[in-house]
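What the coordinates show
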Amino acid sequence: MADTRNDFSKGSVFKNIMSLTVPMTLAQLINVLYSIVDRIYIGRIPDVAIASLTGVGLCLPVVSIVMAFANLFGMGGAPLCSIERGRGDLEEAEYIMGNSFIMMIIFGVVLTAAGLILKTPMLYLFGASDVTYIYADQYVTIYLLGSVFVMVGLGMNTFINSQGFGRIGMMTVLLGAVANIILDPIFIFVFHMGVQGAALATIISQGLSALWILRFLTSDKAILKLKISRFRLQKSRVLSIIGLGLSGFTMSFTNSLVQITGNASLQKFGGDLYVGIMTVVNAVREVFSMPINGLNNGAQPVIGFNYGAGEYDRVKRSIVITSLIAIIYTTAAWAAINAFPGFLIRIFDQEGELLAEGIPAMRIYYFGFFMMALQIAGQTAFVGLGKSKRAVFFSLFRKVIIVVPLTLILPHMFGLGTTGVFLAEPISNFIGGAACYITMLLTIWPELNRKKKEKECLAKAAEA
């Protein structure tokens, strides 16, 4: 008998989405504290604050790559679980989760080995100088040793959320974040470990989150349980997970590519100072993108469940609600960033040069931030409905086809220099966001209308 807990085909669509979005948004806020708190403390290390901050910023592409593989199997498996749960096939949903878990473990080990072998040429490729390489190397070495913890902590939490246990998912992240906040100052300042201490605090915290997740998913409280009997890999199932997960993977991996390209261009045209500015800009982006990520994660299970249950009008309402909330929030966020850029920069560093150059850079980078809402809403709909190819295409389109070329070309045009690097982001938001959302409307809406009519015809035929 199918488990009827957290049935998203019943009740208010808005309440269903918000019941997941609110705790997931809080979880995203808490999760952001991992990296933000690291950077705040690192920015206060005596004498070497900017060099240390820049060194950690150079490691962000590595963090994004690890997150990309966590998303590949987490964001690939969780929507499929929601669809199968909507159909009432809990056994298949558990097999999907078990296969996703094993792939995370395998790739976590592979990433650790590959990263440690290639770290030196990799960090210089990312824009390290002889001064900042020391700090980047110290941070990334320890972080890579905890890759498996990060993979499980990030990737498997999506399976808790997809079952409707948003509060449990939030507690997962809260546990790690609190541990990180406590351990950071102890390792960095008390034990004088510097950036190594920040990295060690992060992976210990992720390890605690991973243990919490495994404990819940193997308990009777979970609807879908993580069982050894479901670990046997099946080619078709793994390919389905990877196919859908490519969207989340592509978004994170292309984030890494953009960071690499941006840091390299900024190092060439502005030096370590501008790489440090981009580190702060990315930190601010993590904070303000957090509610949108929470909304995205909250809407996907509702969209997928209702699609699997054949409730096509509820799918459409879910997409409309998600779009409106995203547009309103990102417009307000853009206004706040534009009004108080200096305040946001001072959170991380108070030195005059970084502040003076960082304010105009931040205003350029976030111009038209509201267009990101269209990109996210479109991607949420594609992933929630299992439209992996479209989701992957628009991830690649915005980052690889638009941002990366512009980051390389614009600094050479009209003497823009570093300004050209920061301009690439708003241009891509306008073009990529509009293209993604319009395509979603033109393709998904007709399909949902057609499926609704087919369902009504079948119901009438059954009555006759």
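Residues numbered from 1 in each chain as written. Predicted model: local features only at pLDDT ≥ 70, side-chain atom pairs only at ≥ 80, totals over all residues. Heavy atoms only, no water.

In terms of helices and strands, the protein carries 17 helices and 0 strands. At 22 Å, the protein has a C-alpha radius of gyration in line with the 23 Å of a compact globule built from 464 residues. Taking the principal axes of its C-alpha atoms as reference, the protein extends roughly 80 × 50 × 35 Å. A total of 464 residues make up the protein; the buried ones form 60% of that total. Residue pairs at least 24 apart in sequence account for 84% of intrachain contacts in the protein once pairs closer than 6 positions are excluded. (Helix = DSSP H or I, 4+ residues; strand = E, 2+ residues; numbered from the N terminus. Rg over C-alpha atoms; globule rule 2.2 N^0.38 Å. Buried < 20%, exposed > 50% of the residue type's maximum accessible area, 1.4 Å probe, protein only. Contact = heavy atoms within 4.5 Å.)

In this structure, Met156, Met362 and Phe422 are the most contacted members of the largest nonpolar core, which totals 132 residues. Among the elements that line this core, the one with the most residues is helix 11 (residues 272-308), at 17 residues. Setting aside its immediate chain neighbours within four residues, phenylalanine 422 contacts Leu266, Tyr274, Ile277, Met278, Val281, Ala361, Ile364 and Tyr365. (Core = buried A, V, L, I, M, F, W, Y, C linked by side-chain atoms within 4.5 Å.)

As for its placement among the helices and strands, isoleucine 359 is situated in helix 14 (residues 352-365). In the structure, isoleucine 359 is positioned 254 residues away from isoleucine 105 in sequence and 42 Å away in space, judged by C-alpha atoms.

We now examine unusual backbone geometry. The backbone of histidine 192 shows a phi angle near 55 degrees, a positive value even though the residue is not glycine. Mapped onto the secondary structure, histidine 192 falls in the loop between helix 8 (166-190) and helix 9 (194-217). Positive phi values are uncommon outside glycine, yet phenylalanine 414 reaches one of about 55 degrees. Inspection of the secondary structure puts phenylalanine 414 in the loop between helix 16 (388-409) and helix 17 (418-463).

The next point concerns the packing of aromatic side chains. What the rule picks out here adds up to 19 aromatic pairs. Ring centres of tyrosine 307 and tyrosine 312 lie 6.1 Å apart, and the angle between their planes is 75 degrees; on these two criteria the pair is classed as edge-to-face. With respect to burial, tyrosine 307 and tyrosine 312 carry one shared label: buried. Three or more aromatic residues link up through ring pairs in this structure, and these residues are Phe69, Phe73, Phe107 and Phe249. Arginine 230 extends its terminal NZ or CZ atom over the ring of tyrosine 95, reaching a point 4.8 Å from the ring centre. (Phe/Tyr/Trp six-rings, centres within 6.5 Å; stacked < 30°, edge-to-face > 60°. Lys NZ or Arg CZ within 6 Å of the ring centre and 35° of its normal.)

Where helix 10 (residues 235-269) contacts helix 17, the two axes come as close as 8 Å, and the packing angle between them is 160 degrees. Taken together, the axes of helix 10 and helix 17 lie roughly antiparallel to each other. In the packing of helix 10 onto helix 17, the handedness of the crossing is left-handed. On the side of helix 10, the interface is formed by Gly262, Ser265, Leu266 and Phe269, while helix 17 contributes Thr418, Val421 and Phe422. Its residues assigned to classes, the contact of helix 10 with helix 17 comprises 4 nonpolar, 3 polar and no charged. (Axes fitted to C-alpha atoms, helices over the stretch in contact; angles between N-to-C directions. Parallel < 35°, antiparallel > 145°, perpendicular 65-115°, else oblique. Left-handed = near helix turned anticlockwise from the far one by under 90°. Nonpolar A, V, L, I, M, F, W, Y, C, P; charged D, E, K, R; others polar.)

The subject of this paragraph is the packing of helix 10 against helix 15 (residues 372-384). Look at helix 10 against helix 15: their axes get within 9 Å of each other, and the N-to-C directions meet at 155 degrees. The angle between helix 10 and helix 15 falls in the class roughly antiparallel. Residues Leu244, Ser247 and Met251 of helix 10 form the contact with helix 15, whose participating residues are Ile376, Gln379 and Val383. In terms of residue class, the contact of helix 10 with helix 15 is made up of 4 nonpolar, 2 polar and no charged.

With that settled, the discussion passes to the side chain of threonine 418. Position of threonine 418 among the secondary structure elements: in helix 17. Among all residues touching threonine 418, those that are not within four sequence positions of it are Leu266, Phe269, Gly270 and Tyr274.

Looking at the secondary structure, you find leucine 224 in the loop between helix 9 and helix 10. Residue leucine 224 is classed as buried on the basis of its relative accessible area of 1%. Placed 64 residues apart in sequence, leucine 224 and isoleucine 160 show a C-alpha to C-alpha distance of 8.6 Å. If sequence neighbours within four positions are ignored, leucine 224 has contacts with Cys81, Leu90, Ala93, Glu94, Met97, Gln163 and Leu217.

Applying the stated criterion to the full structure yields 10 salt bridges. Where arginine 237 meets glutamate 92, a salt bridge forms, and the shortest distance between an N and an O atom there is 3.0 Å. In this pair, arginine 237 is assigned in helix 10 and glutamate 92 in helix 4 (residues 90-125), connecting sequence segments 145 residues apart. A relative accessible area of 22% means that glutamate 92 is categorised as partly exposed. (Salt bridge = Lys/Arg side-chain N within 4 Å of Asp/Glu carboxyl O.)

To continue, consider the confidence of the model for the protein. Model confidence for the protein is summarised by a mean pLDDT of 85, while 95% of its residues fall at 70 or above. Here helix 1 (residues 13-42) is the element of the protein with the lowest mean pLDDT, 72, and helix 4 is the one with the highest, 94. (pLDDT = per-residue confidence, 0-100.)

Take the environment of alanine 435 next. As for its position among the elements, alanine 435 is in helix 17. In the structure, alanine 435 is positioned 41 residues away from phenylalanine 394 in sequence and 8.1 Å away in space, judged by C-alpha atoms. If we ignore the near neighbours within four places in the chain, the residues touching alanine 435 are Phe394 and Phe397.

Once that is clear, we can look at helix 2 (residues 49-58). Along helix 2, 9 of the 10 residues are buried, which leaves the element largely enclosed by surrounding structure. For helix 2, the complete set of buried residues consists of Ala49, Ala51, Ser52, Leu53, Thr54, Gly55, Val56, Gly57 and Leu58.

With that settled, the discussion passes to a nonpolar patch on the surface. Where nonpolar side chains cluster on the molecular surface, the patch consists of Met171, Leu174, Val178, Ile182, Ile186, Val190 and Phe191 and spans about 570 Å² of accessible area. Its place among the elements puts methionine 171 in helix 8. On the accessibility criterion, methionine 171 (33% relative accessible area) is partly exposed. (Patch = residues over 30% accessible without salt bridge, like charges linked within 9 Å, V, L, I, M, F, W, Y side chains within 5 Å. Areas by Shrake-Rupley, 256 points an atom, 1.4 Å probe, with all protein chains shown as cover.)

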